[in-house]
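Observations on chain architecture
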Protein chains: 2
Amino acid sequence: MKRLKRQFEAYSGIILDLDGVIWVGKKPILEAVEAVKELRTYGKKVLFVTNNSTRSRKDYEKRLRNLGLKVSIEEIMNSGYATALLLKERYGGGKAYVVGEKGLIGELEGQGLLVIHKDECWENGADFVVVGMDRSFDYWKIATAMRAIRQGALFIATNADKTFPSEKGLLPGAGTMVAAISTASGKEPDIVVGKPSRHIFEMAIRKLNLRKEETLVIGDRIDTDIEGAHKAGIKSLLILTGVTSREEVEKSKIKPDFILNSMKELFV
Amino acid sequence: MKRLKRQFEAYSGIILDLDGVIWVGKKPILEAVEAVKELRTYGKKVLFVTNNSTRSRKDYEKRLRNLGLKVSIEEIMNSGYATALLLKERYGGGKAYVVGEKGLIGELEGQGLLVIHKDECWENGADFVVVGMDRSFDYWKIATAMRAIRQGALFIATNADKTFPSEKGLLPGAGTMVAAISTASGKEPDIVVGKPSRHIFEMAIRKLNLRKEETLVIGDRIDTDIEGAHKAGIKSLLILTGVTSREEVEKSKIKPDFILNSMKELFV
């Protein structure tokens, strides 16, 4: 039987990135799936965290279950859910104009926010303008968002990823929508929730009901996972199964606390 | 009879801004209209220059004629026309994917450019991605533009105005579209044609068939008209009938060569 390496024993909670750690695109990383199962036998709490806000947590639950991981929806946090939790926690509730897709709208409504339509926002403004990835993004959504922000609505971005890879090649990410609305409204977002911001990790800690010292972030990207963990004050482990190479780590100013070639190496 | 002030006698060509100089929104500035008529009696060549690319030059011709100014379409330069002239002059021609409205497409086709559709651009790329104000702007236009730019198309912006005033209030300008496409493509425009860039003024000089020293730019904005004239090496006159006050001129690093309260003061 495997044994968890001593340096990882202290962590009761593991925050796991998905793309580059559990799968690469559509291809699962089987040794990572096995490692997650193994971590659970040691009683570790696991939370999967992703910047994607278009898919629902239910979708991820299904995909992870198809890999043989018995996860519940409560073990998944996407940036839409994290945004909804943050707005509920910090402001109680309010009227939100959403530039985003169904997944995001569902999460916001799930936390009791009132999602308003374009016409209603144009007439009466909103408490929040929430901006995520939106394949129905258009001119009048920018115009409506800029108007509400200029009238005082808080400008919230689920994340600032400029692009994302797809089967069609690179496509515009939430950060592109955020840039357009920033330019038109003359202001940067008040809050960016997703990595590399600290907020999504702080919501994750809260969700795990653990202290920072008890938690470890595992991810494949220095500029999102590791940087975000640093900002949130959480220890981090870089896995080299994704986009970052060992040479890139050496050049980077931001250093993870641990580096492993594979999730397998969590164990001896 | 009026007499042109001595300091303005040397200029054979006058490049005139429209909004803030000839009208403010829908309201004409009658003394400016009279001044333009007067300038013509002295044999001065006049060219009206605007950053707007959605309306056609024909529209401006009509509007100016309604004020009693007998102008021809050849005396009007909007940023769409200037972009078309620049691309023709510098590159001869080529395939252009256009994020913009009919006015811009018409100008490009008028100078012999081949304007291609989204599907054609997605499949085979383009020589130029030309971005202007576009009220039909949407996600897939951004995706198509970013793809072509990342594959090597030149990225041309008609202008970079972030917003513009309308009867509905402030609306997103071409600069908002440019910001979205810049973010997604990971690059700034190769050429910005409109003010405060020098290009639109250089095309204006060429159109007037005069030398820089023989030409004067008259405008109401330091950050567009006067800055653009500086960059192009053309003398400039700030008129205080638009957005800039005398206090703002004093604070500004960029100084016009002349300042007048009204176009009337061109004469004694």
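Residues numbered from 1 in each chain as written. Chains lettered and ligands numbered in written order. Predicted model: local features only at pLDDT ≥ 70, side-chain atom pairs only at ≥ 80, totals over all residues. Heavy atoms only, no water.

1. Details of the interface of chain A and chain B
Note the following rule: Residue contacts are defined here by distance: any two heavy atoms, one from each residue, within 4.5 Å place the two residues in contact. What gets called buried area is simply the loss in accessible area from a 1.4 Å probe that two parts show on being joined, summed for both. Any carboxyl oxygen of Asp or Glu that lies within 4 Å of a side-chain nitrogen of Lys or Arg is treated as forming a salt bridge with it. For the purposes of these results, a polar contact is taken to be a pair of N or O atoms within 3.5 Å, where, inside protein, one atom must be able to donate a hydrogen and its partner to accept one; residues adjacent in sequence count only when each atom of the pair is a side-chain atom. Strands are runs of DSSP state E lasting at least two residues, helices are runs of H or I lasting at least four, and both sets are numbered from the N terminus onward. Asp, Glu, Lys and Arg are counted as charged, while Ala, Val, Leu, Ile, Met, Phe, Trp, Tyr, Cys and Pro are counted as nonpolar; the rest, among them Gly, fall into the polar class.
On the side of chain B, 27 residues touch chain A, which itself brings 27 residues to the contact. Between chain A and chain B lies a buried interface of about 2,200 Å² when both sides are counted; carbon and sulfur atoms form 73% of it. Our count for the chain A to chain B interface comes out at zero salt bridges. The interface formed by chain A and chain B holds six residue pairs in polar contact (both at pLDDT 80 or more) in total. Elements represented by at least two residues in the side of chain A that touches chain B include exactly helix H6 (139-150), strand S10 (163-166), strand S11 (169-172) and helix H7 (174-185) of chain A. Partitioned by chemical class, the residues of the side of chain A that touches chain B number 16 nonpolar, four polar and seven charged.

2. Re helix H9 (residues 222-232) of chain A
Test applied: Only protein chains enter the accessibility calculation, which uses a 1.4 Å probe; a residue whose area is less than 20% of its type maximum is buried, one above 50% is exposed, and one in between is partly exposed.
Turning to H9 of chain A, its buried residues number three or more, namely Ile222, Thr224, Asp225, Ile226, Gly228, Ala229 and Ala232 of chain A. Within two residues after H9 of chain A, Gly233 of chain A carries a phi angle of roughly 75 degrees, on the positive side.

3. Comments concerning the relation of the copies chain A and chain B
Our working rule: Least-squares superposition of the copies uses the C-alpha atoms of those residues scoring a pLDDT of at least 70 in each of them.
Superposition of chain A onto chain B requires a rotation of 180 degrees combined with a translation of 0.1 Å along the rotation axis, giving an RMSD of 0.0 Å. Put plainly, the chains are arranged around a two-fold axis. Using C-alpha coordinates, one finds that chain A approaches the rotation axis most closely at Asp138 of chain A, a distance of 2.0 Å. Same-surface contact between copies: 100% of interface residues of chain A are shared with the interface of chain B.

4. A few points about the sheet that holds strand S5 (residues 76-78) of chain B
Residue and element names in this part refer to chain B. Let me state the cut-off plainly: Paired strands are those between which DSSP finds at least two bridges. Inter-axis angles, ranging from 0 to 180 degrees, are taken between N-to-C directions of lines fitted to C-alpha atoms, where helices are fitted over the stretch in contact.
The sheet built from six strands is open, its strands ordered S5-S4-S1-S13-S14-S15 with parallel pairing. Two strands lie at the open edges of the sheet, namely S5 and strand S15 (258-260), each paired on one side alone. Recorded for the sheet is a direction-independent mean angle of 20 degrees between the axes of neighbouring strands. Judged from the four bridges that link them, strand S13 (residues 215-219) and strand S14 (residues 235-239) form a sheet pairing that is parallel. Residue Val217 lies in a different strand from S14, and its bridge partner there is Ser236. Along the sheet, helix H2 (residues 57-66) makes contact with strand S4 (45-50) and S5, crossing S5 at roughly 135 degrees. Along the sheet face, helix H8 (residues 199-208) touches strand S1 (13-17), S4, S5 and S13 and points at about 155 degrees away from the line of S4.

5. Focus: the packing of aromatic side chains
Residue and element names in this part refer to chain A. The line we're drawing: Between rings of Phe, Tyr and Trp, where Trp is taken as its six-membered ring, a pair exists when centres lie within 6.5 Å; planes separated by under 30 degrees are stacked, by over 60 edge-to-face, and by other angles tilted.
Scanning the model with the defined rule gives ten aromatic pairs over all chains in all. A ring pair is formed by Phe8 and Phe258, whose centres lie 5.0 Å apart and whose planes are at 65 degrees; its orientation type is edge-to-face. Taken together, the positions of Phe8 in the segment before strand S1 (13-17) and Phe258 in strand S15 (residues 258-260) put the pair 250 residues apart, joining distant regions of the chain. With 5.0 Å between their ring centres and 85 degrees between their planes, Tyr139 and Trp140 make a pair best called edge-to-face. The exposure class assigned to Tyr139 is buried, which follows from its relative accessible area of 0%. Exposure remark for Trp140: the relative accessible area of 28% places this residue in the partly exposed category. An aromatic cluster of three or more residues is present, and its members are Phe8, Tyr11 and Phe258.

6. Some thoughts on the side chain of Glu101 of chain A
All names here are of chain A. Here Glu101 shows up in the loop between strand S6 (95-99) and helix H4 (102-110). Separated by 2.7 Å, the side chains of Glu101 and Arg135 make a polar contact. Contact partners of Glu101, with chain neighbours within four places excluded, come to Thr54, Met133, Asp134 and Arg135.

7. Observations regarding the sheet that holds strand S12 (residues 191-192) of chain B
Residue and element names in this part refer to chain B. One open sheet accounts for five strands, arranged S7-S6-S8-S9-S12; its pairing is parallel. A strand with exactly one partner marks an edge of an open sheet, and here the two such strands are strand S7 (114-116) and S12. Where strand S9 (residues 154-157) and S12 come together, two bridges link them in parallel fashion. From the neighbouring strand, Ile156 faces S12, where its bridge partner is Ile191. Docked against the sheet, helix H4 (residues 102-110) engages strand S6 (95-99), S7 and strand S8 (128-131), running at close to 165 degrees with respect to S6. Sheet strands touched by helix H6 (residues 139-150): S6, S8 and S9. Its angle to S6, the strand with the most contacts, is close to 145 degrees.

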